[in-house]
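# Fold and geometry: a report
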Amino acid sequence: MKLGTLTGGDEQATVSGFAIDHRKVAEGTVFGAFAGARVNGEDYIVAAVQAGAIAVVARPEARVEGAVHIADANPRARFAQLAARFFAPFPAVAVAVTGTNGKTSCVEMTRQLWRMDGFHAASIGTLGVTTGDDRVSTGLTTPDVVTFLSNMAGLAREGVSHVAFEASSHGLSQYRTEGLPVRAAAFTNLSRDHLDYHGTMEAYFEAKMRLFSEVVEPHGAAVIWADDPWSAQVTDIARARGVRVISVGTEGETLKLVSRDPTLLGQGLVIEAEGRTFKVNLPLIGAYQAANALVSAGLVIATGGTVATTLASLARLQPVRGRLERAVIARSGAPVYVDYAHTPDALEAAIAALAPHAKGRLIVVFGAGGDRDQGKRAAMGAIAAAMADMVIVTDDNPRGEDAAAIRAMVLDGAPGAREIGSRREAIGAAIAMAGAEDIVLVAGKGHEQGQIVGDLVLPFDDVTVAREMAA
């Protein structure tokens, strides 16, 4: 493809690819030079040109010699637009989900519901790129824009017609999910997270709202969980964009959740929609799983699914990896659940989901990640101490911080909790003390396959460890 074809100019150089890492530049590459949190890509323009870059997308004031300077005050957005033209075509139907919690579950549930409707569907997010047959880990909720668009194009070549992806606040603020048409966007909830990056809740919210104010197609749809305190603002932003609003939840107008009754292995939902009443046996436990299921149903309906068929399909949903996943039944008979909850709101939701099912004690094992928002640590400790019967504070991903110092901050909110630094030992202790009527919740890491300590990623899977300790 000629560079002029992408830019609308008359440049005749042939484009071979796109890169934002100068080490990945080859002859014919378009290089994106952006200022990041730790690295300024403009410092590597010379190296990129020497490696074969034929064009550089950068701010107007950047110095570019030996290659075409595609100048733009917002180079990330311009780079994404050009890359999208290069990588297209993409799957015909794409939807995106943003929010603090529930993104992974929603994109995976949406994929499952589409598949039940007969479509070749995929999801992209924290779990990687997931189709019905394969999963490829990316390690990030929203990978860089080149990887994202390349993955999307690859899915289209494989025959995928429908794709749901997570749109994180980082990804939206850094234009990592731009370029392809987004038919519908969903909002799950908003609570404290990533303030180490965004600074304030208002800035965090504003970053997520780009999905509704700029990314979703003007004639698309917005699926909004209506029961969140921020939802009214999301609705106003979506309507200002001109999109169709699909609201779901107990306050929802499109899919109204009338009642929710816990059952042995799930919950019974009564939903009002289109003037009718629908009863659904959802095979997943917890209020937030019901919320995720309804948001997912809204996305399917927004992209052509019928209400009756979509709601009926909710009864066939499978659990999402690391999201209230029942890992094992201990020898005592106590079930052990693993959940990705790593924010105060998510931890509260996970505990609240399991509490009605525990005839005896609810035992919670959790920690907090290093090099992340420190303000949520004591809050998470306080929530666990208030809602659980037994709390064990352990290590999560200490990263570059002192693990004992992190645990101490969590324990400030849960002074009566037990402290066991080794996550393996903590999980083992919880399982050993659990009786037949107790439930164990291991929270914080969910699907993750490693524990980050310093610069090392040590193999660690909560589900595998729980099974080993219960054997």
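- As annotated in an unreviewed UniProt entry, the protein carries the name UDP-N-acetylmuramoyl-L-alanyl-D-glutamate--2,6-diaminopimelate ligase and is attributed to Sphingomonas hylomeconis.
- What UniProt records for the protein under Subcellular location (unreviewed entry) is the sentence "Cytoplasm".

## A word on the UniProt feature "modified residue: N6-carboxylysine" (unreviewed entry) in the protein
- UniProt feature "modified residue: N6-carboxylysine" (unreviewed entry): in the numbering of this structure it lies at Lys208.
- Within the element layout of this structure, Lys208 appears in helix 8 (residues 201-215).
- By relative accessible area, Lys208 is classed as buried at 1%.
- Apart from residues lying up to four places away in sequence, Lys208 is in contact with Thr98, Gly99, Thr100, Lys103, Ala167, Ser168, Ser169, Leu172 and Leu190.
- Within the structure, the side chain of Lys208 is placed 3.1 Å from the backbone oxygen of Gly99, a separation counted as a polar contact.

## Concerning helix 16 (residues 462-470)
- All of the buried residues along helix 16 are Asp462, Val463, Val465, Ala466 and Ala470. Looking down the long axis of helix 16, one finds its buried residues gathered within 165° of arc, a one-sided arrangement.
- Of the surrounding secondary structure, the elements contacted by the buried residues of helix 16 are strand 16 (325-329), strand 17 (335-339), helix 15 (423-433) and strand 21 (439-443).

## Regarding empty space enclosed by the protein
- Under the criterion given, the structure shown has 1 cavity of 30 Å³ or more.
- For the largest cavity, the calculated volume is near 40 Å³.
- As for the largest cavity, its lining consists of Thr104, Val107, Glu108, Ser123, Ile124, Gly125, Thr126, Leu127, Gly128, Thr130 and Glu166.

## Thoughts on the pairing of strand 15 (residues 276-282)
- Relative to strand 15, strand 14 (residues 267-273) is paired through 7 bridges, and the arrangement is antiparallel. Directly across from Gln267, in strand 15, lies its bridge partner Leu282.

## Digging into the sheet that holds strand 3 (residues 55-58)
- With parallel pairing, the 4 strands of this open sheet are ordered in space as 1-2-3-4. The sheet is open, and its two borders are formed by strand 1 (17-19) and strand 4 (68-71), each paired with just one other strand. The mean angle between the axes of side-by-side strands here comes to 20°, regardless of whether they run parallel or antiparallel.
- Sheet analysis places strand 1 next to strand 2 (residues 29-32), joined by 3 bridges and oriented parallel. Counterpart to Gly17 in the pairing with strand 2 is Thr29.
- Each of strand 1, strand 2, strand 3 and strand 4 touches helix 3 (residues 75-87); the most contacted strand, strand 1, lies at about 155° to it.

Rules used throughout
Residue positions within a chain follow its written sequence, with the count starting from 1. Whole-chain, interface and lining totals are the exception, using all residues; otherwise, since this is a predicted model, local features are given only for residues with pLDDT of at least 70 and side-chain atom pairs are given and counted only at 80 or more. Working from all heavy atoms in the structure, the side-chain values ignore hydrogens and water. UniProt positions are given in the numbering used here, feature names are shortened, and annotations may be inferred rather than shown by experiment. Runs of E in the DSSP output that reach at least two residues are strands. Runs of H or I that reach at least four are helices, and both are numbered from the N terminus. The buried label goes to any residue with under 20% of its type's maximum accessible area, the exposed label to any with over 50%, and the partly exposed label to all in between, with areas taken from a 1.4 Å probe on protein chains only. Throughout, a residue-residue contact means that at least one pair of heavy atoms, one from each residue, lies within 4.5 Å. Counting of polar contacts relies on pairs of N or O atoms within 3.5 Å, with two restrictions inside protein: one atom must be capable of donating a hydrogen and the other of accepting it, and residues adjacent in sequence are counted only when both atoms are side-chain atoms. The arc under discussion is defined with respect to the helix axis, by the directions toward the C-beta atoms. Cavity means a closed set of points on a 1 Å grid over the protein atoms alone, one where a 1.4 Å probe fits but cannot get out, pocket means an open set with protein on both sides within 12 Å along at least 5 of 7 lines, and lining means a residue has an atom within 4 Å of a point. Grid points are joined across faces, edges and corners, and a volume is the space filled by probe spheres set on the points. For two strands to count as paired, DSSP must find a minimum of two bridges between them. Helix axes are fitted to C-alpha atoms over the stretch in contact, other axes to C-alpha atoms as well, and angles between N-to-C directions run from 0 to 180 degrees.

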